[in-house]
Amino acid sequence: AQTVTQSQPEMSVQEAETVTLSCTYDTSENNYYLFWYKQPPSRQMILVIRQEAYKQQNATENRFSVNFQKAAKSFSLKISDSQLGDTAMYFCAFVDNRLAFGKGNQVVVIP
Amino acid sequence: DTGVSQDPRHKITKRGQNVTFRCDPISEHNRLYWYRQTLGQGPEFLTYFQNEAQLEKSRLLSDRFSAERPKGSFSTLEIQRTEQGDSAMYLCASSDQETSGNTIYFGEGSWLTVV
């Protein structure tokens, strides 16, 4: 069974600053996908970024980027130039057949 | 495409009643998932379908819970004899290896409150 671990349950960041969320996972699979999802107060689960395990290059989506370390089973998310709309719960997730979530990080962007 | 849609969005029911939620996935997505989320927690996997076949069920899915996807399109999740502990948001999601590359897209969820 795969497990996903997120520490630092709540983090605050000043607007325009950078914040990094950590995530580790456990699997015996070699091919899999990793995701970061954002869940704002509306509770809609929104995809932020995805990473295929077979790709060595770290994924980037605008202000969001990941640091994927396959050997260490680590998958951190960096949010650059934080905006007020980034305030949300952020979930790290792992999938081979089904999606397993971590417990989430609450990010609060302070004006 | 309008994305994953769920109905109803909110449901309040008395303990002991049955409730049914419906999910319409993104068209042509062959995988459909059900998750449950309580406040302050991450979503917990319940079950998933590949087309009409239910391929995996979590131990969280007690015998009061049943999910179907009869024609491989929409799905229903029924909870019989509801208990207060069933109060949660029920999330549906869909994906397709061909069109979404295993990316899983979520609906807005169905809130259940059991009183």
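Residues numbered from 1 in each chain as written. Chains lettered and ligands numbered in written order. Predicted model: local features only at pLDDT ≥ 70, side-chain atom pairs only at ≥ 80, totals over all residues. Heavy atoms only, no water.

Caption draft 1: Up close: the overall build of chain B. Within chain B, the regular secondary structure consists of 1 helix and 11 strands. When the elements of chain B are put in sequence order from the N terminus, they spell out β-β-β-β-β-β-β-β-β-α-β-β. In summary, chain B has a C-alpha radius of gyration of 13 Å against a globular reference of 13 Å for 115 residues, a match within 12%. Dimensions of chain B along its principal axes, counting C-alpha atoms only, are 40 × 25 × 20 Å. Per-residue burial for chain B yields a buried fraction of 49% across its 115 residues. Here the analysis covers contacts within chain B between residues at least 6 apart in sequence; of these, 53% occur between residues at least 24 apart. Accessible surface computed for chain B: about 5700 Å², of which carbon and sulfur atoms make up 43%. (Helix = DSSP H or I, 4+ residues; strand = E, 2+ residues; numbered from the N terminus. Rg over C-alpha atoms; globule rule 2.2 N^0.38 Å. Buried < 20%, exposed > 50% of the residue type's maximum accessible area, 1.4 Å probe, protein only. Contact = heavy atoms within 4.5 Å. Areas by Shrake-Rupley, 256 points an atom, 1.4 Å probe, with all protein chains shown as cover.)

Caption draft 2: Geometry of the environment of alanine 16 of chain A. Residue and element names in this part refer to chain A. In this fold, alanine 16 is placed in the loop between strand S2 (10-14) and strand S3 (19-21). What makes alanine 16 partly exposed here is its relative accessible area of 44%. Considering only alpha carbons, one finds alanine 16 and serine 80, 64 residues apart in sequence, at a separation of 7.2 Å. Those residues in contact with alanine 16, other than ones at most four positions away along the chain, are Asp81 and Ser82.

Caption draft 3: Spatial organisation of unusual backbone geometry. For the peptide bond that leads from aspartate 7 of chain B to proline 8 of chain B, omega is -5 degrees, which places it in the cis range. The residue proline 8 of chain B is located in the loop between strand S1 (5-7) and strand S2 (10-13) in this model. For alanine 16 of chain A, which is not glycine, the phi torsion reads 80 degrees and is therefore positive. One non-glycine residue with positive phi stands out, namely asparagine 62 of chain A, at about 55 degrees. Structurally, the position occupied by asparagine 62 of chain A is in the loop between strand S7 (60-61) and strand S8 (64-69).

Caption draft 4: Representation of the side chain of serine 58 of chain B. All names here are of chain B. Secondary-structure assignment places serine 58 in the loop between strand S6 (53-57) and strand S7 (65-68). Side-chain polar atoms of serine 58 contact the backbone oxygen of phenylalanine 45, separated by 3.4 Å. Contacts of serine 58, omitting those with residues within four sequence positions, involve Phe45 and Leu46. (Polar contact = N/O pair within 3.5 Å; in protein donor to acceptor, adjacent residues only side chain to side chain.)

Caption draft 5: How the structure looks around the nonpolar core. Residue and element names in this part refer to chain A. In terms of nonpolar packing, the biggest core is built from 27 residues, with Leu21, Tyr25, Trp36, Phe75, Leu77 and Tyr90 touching the most fellow members. Those elements that provide at least two residues to this core are S2, S3, strand S5 (33-39), strand S6 (46-52), S8, strand S9 (74-79), strand S10 (88-95) and strand S12 (105-110). Per element, the largest residue contribution to this core is 4 residues, and it comes from S10. Ignoring sequence-local partners within four residues, the contact set of leucine 77 consists of Val19, Thr20, Leu21, Trp36, Val48, Ile49, Phe64, Ser65, Val66 and Tyr90. (Core = buried A, V, L, I, M, F, W, Y, C linked by side-chain atoms within 4.5 Å.)

Caption draft 6: Examining the environment of cysteine 23 of chain A more closely. Residue and element names in this part refer to chain A. Here cysteine 23 is to be found in the loop between S3 and strand S4 (24-26). Cysteine 23 sits 54 residues away from leucine 77 along the chain, and the two C-alpha atoms are 8.1 Å apart. Contacts of cysteine 23, omitting those with residues within four sequence positions, involve Val4, Thr5, Gln6, Trp36, Lys73, Ser74, Phe75, Ser76 and Cys92.

Caption draft 7: Representation of the packing of aromatic side chains within the structure. Counting across every chain of the model gives 18 aromatic pairs over all chains. In this arrangement the basic side chain of arginine 22 of chain B is found over the ring face of phenylalanine 74 of chain B, its NZ or CZ atom lying 3.9 Å from the centre. (Phe/Tyr/Trp six-rings, centres within 6.5 Å; stacked < 30°, edge-to-face > 60°. Lys NZ or Arg CZ within 6 Å of the ring centre and 35° of its normal.)

Caption draft 8: Fine view of the pattern of salt bridges. One pass over the structure, following the stated rule, counts 9 salt bridges over all chains. In this structure, arginine 9 of chain B and glutamate 108 of chain B form a salt bridge, with 3.2 Å as the shortest nitrogen-oxygen distance. On the criterion of sequence distance, the pair formed by arginine 9 of chain B in the loop between S1 and S2 and glutamate 108 of chain B in the loop between strand S10 (105-106) and strand S11 (110-114) is long-range, its members being 99 residues apart. The network of salt bridges with shared partners includes Arg50, Glu52 and Lys55 of chain A. (Salt bridge = Lys/Arg side-chain N within 4 Å of Asp/Glu carboxyl O.)

No statement about biological role is implied by the geometric values presented.
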